[in-house]
Amino acid sequence: VAPLRIALILVGFGHVGRRFVTLLQEMQPALAAIGVEPVIAGVTTARHGSVFSATGLDPARIADRLTGPGAGQASSAPFITDALARLRQADVEARVLVETTTLDVRTGQPAIDHVRAALAGGADVITANKGPVAFAYRGLSDEARRAGRAFLFEGAVMDGVPVFNLVRETMPGVAIRGFRGVVNSTTNFVLTALEQGEPFGDAVARMQEAGVAEADPSLDLDGWDAAAKAAALANVWLDADTTPLAVAREGISAATAARAIDARARGRRLKLVASGTGQGPEADIRVALVELASDDPLAMLDGQANAIEVDTWPLGRIVVTQRDGGLEKTAYALFADLMTLAQRAGIRSIDRSLQ
Ligand SMILES: NC(=O)c1ccc[n+]([C@@H]2O[C@H](COP(=O)([O-])OP(=O)(O)OC[C@H]3O[C@@H](n4cnc5c(N)ncnc54)[C@H](OP(=O)(O)O)[C@@H]3O)[C@@H](O)[C@H]2O)c1
């Protein structure tokens, strides 16, 4: 049986986009085993230009072949629309947008436009970007359903550790009553360092040097990243139809040190907790500094570790912990989403052969 060729359009080719391309090569045996052959057909960026080939690009040469101005501050929707039209003309049936652009945390753009253009052009979407799911989940998932396409975003929260996939694929029919989690690595690392007496600025600088904190660390420290993740989780699990702007938000600063040290001295721990309870428009979604008892699973997280507790019926509370971060974990989230699409495409072709 010929392998299923899947044409990928990569929008964004930074840390995550590039690591995804090398991971695909590392995963070659796994891909071959299930008969899937991803082909990179197009790549576009903000400042480094674009490249397209319906027959596929040599992964090792993509960076050298990027030409032209790129999208700059504008949306890459025209590139996506054009690339997908060219793939349809070339009779390429399986088309996927891989969205890894930078997030504007106050609007969710440009990724929302990119997802829309892909769905309208007959592509499935996989993304590690929080913007679409945190700002526009309901609209985009409706558009995907109407178009008969998938909109998958495992990498938006806790890198490659399955959070959305875990619930969707392995917990059919459960009701979700709420969630709470430590979802931002930088703030957890800084809080852990503050407890041990390290100055705030030094701890933040260490996270920046390690490439974990954003270049503008206020996105992490002011709680924006956690608020975007809380909105994403609440949109998917609590049907909240909210945005990060509506999440009650607290961050950390040098002034937090005294609270963190005091809590530790009493055998407790101060954590930046993202949480959601309730359903729909009534859901209460927040990011707040919370003092936790030492035996709380969220209190045990040191350094960059993250965890989410999801409260379900009938399974009760389930905790997923991520002990190790790193780029290949986020790249793996995209890989896992791609495998989900491949499985669904396989099911679609079996359906067709039975008709
Ligand atoms: N890094 C992580 O560990 C991690 C973890 C989870 C989720 N994420 C999310 O994944 C996404 C990518 O992260 P990253 O670390 O790879 O960021 P990055 O290194 O800054 O790369 C972003 C890429 O997006 C491109 N871009 C920006 N605006 C664009 C536009 N309008 N059209 C086309 N391309 C555009 C940039 O182009 P230029 O190259 O020309 O600048 C760059 O290639 C972000 O949304 C981030 O929040 C990252």
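These figures come from a predicted structure and were not determined experimentally.

1. Structural notes on the sheet that holds strand 7 (residues 175-182)
Inference 1: Read across the sheet, six strands follow the order 8-10-9-7-11-12 without closing on themselves; strand pairing throughout is mixed. Strand pairing shows two members of the sheet lacking a second neighbour, strand 8 (248-249) and strand 12 (316-322), which therefore form its edges.
Inference 2: Pairing of strand 11 (residues 306-313) with strand 12, which is carried by seven bridges, proceeds in the antiparallel orientation. Paired with Asp 311 across the bridge in strand 12 is Arg 317.
Inference 3: Each of strand 7, strand 9 (268-277), strand 10 (284-293) and strand 11 is contacted by helix 8 (residues 185-195), which is oriented at about 155° to strand 9, the strand it contacts most.

2. Side note on the pattern of salt bridges
Inference 1: Using the criterion set out here, one finds 24 salt bridges in the structure.
Inference 2: Two residues, Arg 138 and Asp 241, come together in a salt bridge whose shortest N-O distance is 3.5 Å. Placement of the pair is Arg 138 in helix 6 (residues 130-147) and Asp 241 in the loop between helix 11 (224-237) and strand 8, with a sequence separation of 103 residues.
Inference 3: As a salt-bridge pair, Asp 225 and Lys 229 come within 2.7 Å of each other at their nearest N and O atoms. Taken as a pair, Asp 225 and Lys 229 lie in helix 11 at a separation of four residues, close to a single helical turn. The same class applies to Asp 225 as to Lys 229, namely buried.

3. Points about the site of the ligand
Inference 1: Of all residues adjacent to the ligand, which total 27 residues, the nearest are His 15, Val 16, Arg 47, Ser 76 and Thr 101.
Inference 2: Between Ser 76 and the ligand, the recorded distance is 2.7 Å, taken from a side-chain N or O atom to a nitrogen atom.
Inference 3: A distance of 3.3 Å separates an oxygen atom of the ligand from a polar side-chain atom of Lys 130.
Inference 4: Compared with its free state, where it exposes 910 Å², the ligand has 81% of that area covered by protein.
Inference 5: Those elements that place two or more of their residues in the shell around the ligand are helix 1 (15-26) and helix 13 (327-354).
Inference 6: Class assignment of the residues belonging to the shell around the ligand gives a composition of 10 nonpolar, 14 polar and three charged.

4. Points about helix 9 (residues 200-209)
Inference 1: Within helix 9, burial applies to Phe 200, Ala 203, Val 204 and Met 207. Down the axis of helix 9, the buried side of the element spans an arc of 95°, and every buried residue falls inside it.
Inference 2: Considering only its buried residues, helix 9 is in contact with helix 8 and helix 10 (218-221).
Inference 3: Count one or two residues on from helix 9 and you reach Gly 211, which has phi positive near 75°.

5. Description of the sheet that holds strand 5 (residues 124-127)
Strands pair in a sheet through their backbones, by hydrogen bonds, and they do so in one of two ways: parallel or antiparallel.
Inference 1: Taken in spatial order, the six strands of this open sheet run 3-2-1-4-5-6, and their pairing is mixed. Strands at the two margins of the open sheet, each flanked by one partner only, are strand 3 (50-52) and strand 6 (151-152).
Inference 2: In the sheet, strand 2 (residues 36-44) pairs with strand 3 via three bridges, with the strands oriented antiparallel. Looking at strand 3, one finds that Val 43 is bridged to Val 51.
Inference 3: Against the sheet, helix 1 touches strand 1 (4-11), strand 2 and strand 4 (94-99), its axis set at about 160° to strand 1.
Inference 4: Those strands touched by helix 5 (residues 111-120) are strand 1, strand 4, strand 5 and strand 6, and its axis lies near 180° from that of strand 4.

6. A few points about the nonpolar core
Side chains of a nonpolar character, in soluble globular proteins, are inclined to be buried together.
Inference 1: Formed by 81 residues in total, the largest nonpolar core has its most connected members in Ile 9, Phe 151, Val 157 and Trp 237.
Inference 2: Counting residues per element, this core draws most heavily on helix 11, at 10 residues.
Inference 3: Non-local contacts of Trp 237, meaning those with residues more than four positions away in its chain, are made with Val 163, Phe 164, Val 167, Ile 176, Phe 179, Gln 279, Ile 308 and Val 310.
Inference 4: Membership of the second largest hydrophobic core comes to 31 residues, among which are Val 21, Ala 128, Leu 338 and Ala 342.

7. With respect to unusual backbone geometry
Inference 1: Here the amide bond leading from Gln 109 into Pro 110 is cis, since omega sits at 0°, within 30 degrees of zero.
Inference 2: Take Pro 110: it is sitting in the loop between strand 4 and helix 5.
Inference 3: Following Trp 313, the chain continues to Pro 314 via a peptide bond in cis, the omega torsion being 10°.
Inference 4: Inspection of the secondary structure assignment puts Pro 314 in the loop between strand 11 and strand 12.
Inference 5: Unlike most non-glycine residues, Asp 241 shows phi in positive territory, near 50°.

8. Considering the packing of helix 8 against helix 12 (residues 256-265)
Inference 1: Orientation of helix 8 relative to helix 12, taken along the N-to-C sense of each, is 65°, at an axis distance of 8 Å. Taken together, the axes of helix 8 and helix 12 are roughly perpendicular relative to one another. Along this stretch, helix 8 crosses helix 12, giving a crossing that reads as right-handed. Along the contact surface, helix 8 presents Leu 191, Leu 194 and Glu 195, while helix 12 presents Thr 256, Ala 257, Ala 260, Ile 261 and Arg 264.

How each quantity is defined
- Per chain, residues are indexed from 1 in the order of the written sequence.
- Per-residue local features are limited, in this predicted model, to residues with pLDDT of at least 70; the limit for side-chain atom pairs, both in listing and counting, is 80 or more; totals at the level of whole chains, interfaces and linings are taken over all residues.
- Side-chain measures here rest on the full set of heavy atoms in the structure, leaving out hydrogens and waters.
- A pair of strands is considered paired only if DSSP assigns at least 2 bridges between the two.
- By the criteria applied, helices consist of DSSP H or I runs no shorter than four residues and strands consist of E runs no shorter than two, each listed in order from the N terminus.
- When checking whether two residues touch, look at their non-hydrogen atoms; a contact exists if any pair is within 4.5 Å.
- Here the axes come from fitting lines to C-alpha atoms, over the contacting stretch only for helices, and the angles between their N-to-C directions go from 0 to 180 degrees.
- Salt-bridge detection follows one rule: a side-chain nitrogen of Lys or Arg within 4 Å of a carboxyl oxygen of Asp or Glu.
- Burial classes follow relative accessibility: with a 1.4 Å probe on protein chains only, a residue under 20% of its type's maximum area counts as buried, one over 50% as exposed, and anything between as partly exposed.
- Near, as used in this document, describes a residue that has one of its heavy atoms within 4 Å of the molecule or strand being considered.
- Distance and chemistry together define a polar contact, namely a pair of N or O atoms within 3.5 Å, with one atom able to donate a hydrogen and the other to accept it when in protein, and with adjacent residues in sequence counting only for side-chain atoms on both sides.
- In these tables, accessible area is a Shrake-Rupley quantity obtained with a 1.4 Å probe, and a residue counts as shielded only by the protein chains included in the view.
- Each residue receives one of three labels: charged for Asp, Glu, Lys and Arg, nonpolar for Ala, Val, Leu, Ile, Met, Phe, Trp, Tyr, Cys and Pro, and polar for the others, Gly being one of them.
- The arc in question is the one traced by the directions running from the helix axis out to the C-beta atoms.
- The set of buried Ala, Val, Leu, Ile, Met, Phe, Trp, Tyr and Cys residues whose side-chain atoms join them within 4.5 Å is what this entry labels a nonpolar core.
- Any angle that falls under 35 degrees is termed roughly parallel, while one over 145 is termed roughly antiparallel, one within 65 to 115 roughly perpendicular, and all others oblique.
- Handedness of a crossing is defined here by the sense of rotation of the near helix relative to the far one, left-handed for an anticlockwise turn of less than a right angle and right-handed for a clockwise turn.

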